[in-house]
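# Summary of the model geometry
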Amino acid sequence: MLLVVQNRSPEKGGGFVKSVKMMEMGDQLEVTMLQSEETSAKRGRFEFENLPECESGPSTSGYSSKRTCLENGLLKRVEVSLVRLPDHKISALRPPTPSQFYSEDESQSSSDSELEQDDESSDSDNASAKKSKGKKKKQVNNINHTPIIDSSAFAYVPQEATKIRPDLPEEEVTVGSTVLARKKNLKWQRGQIVEVVTKEDGRLKYKIMFEEKGRSLVSGHHIAFEVTPRLEQVYVGARVVVNCQEDTTQFRAGILAELPTRKNRLRFLVFLDNHRPIYVGLTLFYLVCRPLPDPTEDIQDEAHQRFMRQYLRDWPYPHLTQYKPGQNASVEFNGTLQRCKVEMVDSSLIMAVSECNQHKEWIHRGSIRLSHMPRFLEMRRREAEAAQQ
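The rules behind the values
Residues take numbers from 1 onward in each chain, read along the sequence in its written order. Only residues with pLDDT of at least 70 are given local features in this predicted model, and only at 80 or more are side-chain atom pairs given and counted; all residues enter the totals for whole chains, interfaces and linings. For the side-chain quantities, the full set of heavy atoms in the structure was used; hydrogens and water were omitted. Strands are runs of DSSP state E lasting at least 2 residues, helices are runs of H or I lasting at least 4, and numbering of each runs from the N terminus. Between two residues, a contact is recorded if the distance between any of their heavy atoms is within 4.5 Å. Calculation of accessible area relied on Shrake-Rupley with a 1.4 Å probe; when residues are assessed, cover is drawn exclusively from the protein chains displayed. For the purposes of these results, a polar contact is taken to be a pair of N or O atoms within 3.5 Å, where, inside protein, one atom must be able to donate a hydrogen and its partner to accept one; residues adjacent in sequence count only when each atom of the pair is a side-chain atom. By definition here, a helix of n residues has an expected span of 1.5 Å times n minus one. Two strands make a pair as long as DSSP finds a minimum of two bridges between them. Structural elements are reduced to axes, namely lines fitted to C-alpha atoms, with helices fitted over the stretch in contact, and the angle between N-to-C directions of any two is expressed from 0 to 180 degrees. Pairing of aromatic side chains requires ring centres within 6.5 Å, counting the rings of Phe and Tyr and the six-membered ring of Trp. Pairs whose planes differ by under 30 degrees are stacked, by over 60 edge-to-face, and all others tilted. The buried label goes to any residue with under 20% of its type's maximum accessible area, the exposed label to any with over 50%, and the partly exposed label to all in between, with areas taken from a 1.4 Å probe on protein chains only. We count a charge as sitting over a ring when the NZ of a lysine or the CZ of an arginine lies within 6 Å of the ring centre and within 35 degrees of the ring normal. Here, a salt bridge means any Lys or Arg side-chain nitrogen found within 4 Å of an Asp or Glu carboxyl oxygen. Any pair of cysteine sulfurs within 2.5 Å is marked as a disulfide. Buried residues of nine kinds, namely Ala, Val, Leu, Ile, Met, Phe, Trp, Tyr and Cys, make up a nonpolar core once their side-chain atoms join them within 4.5 Å.

As a further point, take the overall build of the chain. Secondary structure assignment for the chain yields 6 helices and 24 strands. Within the chain, counting contacts between residues at least 6 apart in sequence, those at least 24 apart form 48% of the total. If you sum the accessible surface of the chain, you get close to 25,100 Å²; carbon and sulfur atoms cover 50% of it.

This part takes up the environment of histidine 372. Examined against the element boundaries, histidine 372 turns out to sit in the loop between strand S24 (360-364) and helix H6 (373-388). Along the chain, histidine 372 and isoleucine 149 lie 223 residues apart, while their C-alpha atoms are 9.9 Å from each other. In contact with histidine 372, not counting residues within four places along its chain, are Pro147, Ile149, Thr321 and Tyr323. A polar contact is formed between the side chain of histidine 372 and the side chain of threonine 321, at a distance of 2.9 Å.

Next up on the list: H6. Taking 1.5 Å per residue, 16 residues should reach 22 Å; H6 reaches 23 Å between its end C-alpha atoms and fits that length. In the core, the buried residues of H6 are packed alongside strand S9 (149-150), helix H5 (302-314) and strand S20 (320-321).

The next subject is the sheet that holds S24. Strands sit in the order S21-S22-S23-S24 across an open sheet of 4 strands; the sheet is antiparallel. Bordering the open sheet on either side are strand S21 (328-333) and S24, each of which pairs with just one other strand. Adjacent strand axes in the sheet meet at a mean angle of 50° when their direction is disregarded. Both strand S22 (residues 336-346) and strand S23 (residues 349-354) contribute to a ladder of 6 bridges, which runs antiparallel. Paired with cysteine 340 across the bridge in S23 is serine 354.

Next up on the list: the packing of aromatic side chains. For any pair of aromatic rings, the description rests on two quantities: the centre-to-centre distance and the angle between the ring planes. Following the criterion strictly, the structure yields 5 aromatic pairs and no others. Centre to centre, the rings of phenylalanine 307 and tyrosine 311 are 6.1 Å apart; their planes meet at 40°, and the pair counts as tilted. On the criterion of helical spacing, the pair formed by phenylalanine 307 and tyrosine 311 is a turn pair, its members being 4 residues apart in helix H5. Judged on exposure class, the residue phenylalanine 307 and its partner tyrosine 311 are both buried. Joined through ring pairs, the aromatic side chains of Phe271, Phe307, Tyr311 and Trp315 make up one cluster. Over the ring of phenylalanine 210 we find lysine 183, and its NZ or CZ is 5.5 Å from the ring centre.

Bringing the pattern of salt bridges into the picture now. Summed over all chains, the structure comprises 21 salt bridges. For glutamate 332, the salt bridge goes to arginine 369, with nearest N and O atoms at 3.6 Å. Residue glutamate 332 is found in strand S21, and its partner arginine 369 is found in the loop between S24 and H6; the two are separated by 37 residues along the sequence. Judged by relative accessible area, which is 25%, glutamate 332 ranks as partly exposed. A salt bridge links arginine 339 to glutamate 355, with the nearest nitrogen and oxygen atoms 3.5 Å apart. With arginine 339 in strand S22 and glutamate 355 in the loop between S23 and S24, this residue pair connects regions lying 16 residues apart in the sequence.

A separate point is the state of the cysteines. As used in these notes, a disulfide is a covalent bond between sulfur atoms, one from each of two cysteines. Using the criterion set out here, one finds 0 disulfides in the structure. The cysteine cysteine 356 is free of any disulfide, with cysteine 340 supplying the nearest cysteine sulfur at 9.3 Å. Residue cysteine 356 is classed as exposed on the basis of its relative accessible area, which comes to 66%.

So, on to unusual backbone geometry. Residue proline 316 is reached from tryptophan 315 by a cis peptide bond, and omega for that bond is 10°. For proline 316, the location among the structural elements is in the loop between H5 and S20. Backbone geometry places leucine 266, a non-glycine residue, at a positive phi of 60°. Tracing the backbone shows leucine 266 in the loop between strand S16 (251-258) and strand S17 (268-272). Phi is positive for asparagine 334, close to 55°, though the residue is something other than glycine. Along the chain, asparagine 334 falls in the loop between S21 and S22.

Before going further, it helps to examine the nonpolar core. If you look at the biggest cluster of nonpolar residues, it comprises 43 residues, and the most contacted ones within it are Val242, Leu256, Val270, Phe285, Tyr311 and Val331. When residues in this core are grouped by element, the largest group, 5 residues, is from S17. Setting aside residues up to four positions removed in sequence, tyrosine 311 forms contacts with Ala257, Glu258, Phe271, Pro318 and His364. In this structure, Val173, Tyr206, Phe210 and Cys289 belong to the second largest nonpolar core, which totals 11 residues.

Moving on to H5. In this model H5 runs 18 Å from its N-terminal to its C-terminal C-alpha over 13 residues, within 8% of the 18 Å that 1.5 Å per residue would give. Looking only at H5, the buried set comprises His304, Gln305, Phe307, Met308, Gln310, Tyr311, Leu312 and Asp314. Elements that come into contact with the buried residues of H5 comprise S16, S17, S24 and H6.

Counted residue by residue, strand S15 (residues 239-243) has 5 buried out of 5 residues, so it is predominantly covered. Of the strand pairs in this sheet, S15 and S16 are connected by 5 bridges, and their pairing is antiparallel. Along S16, the bridge assignment pairs valine 240 with glycine 254.

Our next topic: the environment of isoleucine 368. Examined against the element boundaries, isoleucine 368 turns out to sit in the loop between S24 and H6. Looking at isoleucine 368, the relative accessible area reads 23%, which means it is partly exposed. Separated by 61 residues in the primary sequence, isoleucine 368 and phenylalanine 307 place their C-alpha atoms 7.2 Å from one another. Among all residues touching isoleucine 368, those that are not within four sequence positions of it are His275, Ala303, His304, Phe307, Met373, Pro374 and Leu377.

What follows is the structure, given as structure tokens:
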């Protein structure tokens, strides 16, 4: 149906707003007009519904043409002509429907085929992505990467980096005190001081009665107070005795290697005399009563002794190898290098798993048990000696 609206006004310079809404109900036509006109006398708004017919005449389309007269001081004339279009033109003007392009079955089959193609393509993409990831992982594991050693600052606050023994008064060691004392090279036990012996050169010795059978005469750097140390007493390089709860020996001596920081999640790192690293809390280690000026002199393993001396010289810039979980590494186990895989990383430590027997052990990321570290530390030692000369 074609709608033609003509608007004529005998006056010029006047503006009006109109809205025409037409609905066909049988052969009736409803025209609604909203208009406004500002005249010299006043400004009004008029609504007109079911406008009266002034004239009518015959029409070739079968519909009557109507001419509407508007009064109340304002004359408007609107002419509306309705022409019936043939059916084929009306259908041509309508928007196409899916049924005009393909049948319902064809549409379903085509959509299904498109979904199948999408699924196949996505599956193929996922498969190719998985293959590429697998290849990358294999390449990462198979390639022998050059180890990356980081020597950045481990601690930034002076209290976290100090390696100087604080100038505090020494606690008195008296007869009857309960202490931890060295019974054998790597074995410390709880005992009681039963006698203080003064040697000819003025050195003091302490006779210990162990809770487990036995007695021993030891020096002041071989006994430790079994009390929790205060924070102002601890420093990097302090000689300590650790309560190794998972170890049958229970008490082992070591050197404090890290103070609590955000990097190590507020824990203390201790290197035991057998080169084993362990993170502990403040309540799990005890300070040696009379440590030596150089605490590394009490270490009997020469390789570990050299490592600790180099470590303390480099602190607070320890040399740590960068590792990621799943990466391969060559680690020394029982005197032989074995191919291992890094299972996890915990601050300065890695959990190394032997591919030979699945043995797990925590290794320091700067340990001499890593295949590349002895050469690196030896190079650093020679550089330091050359710089001193």
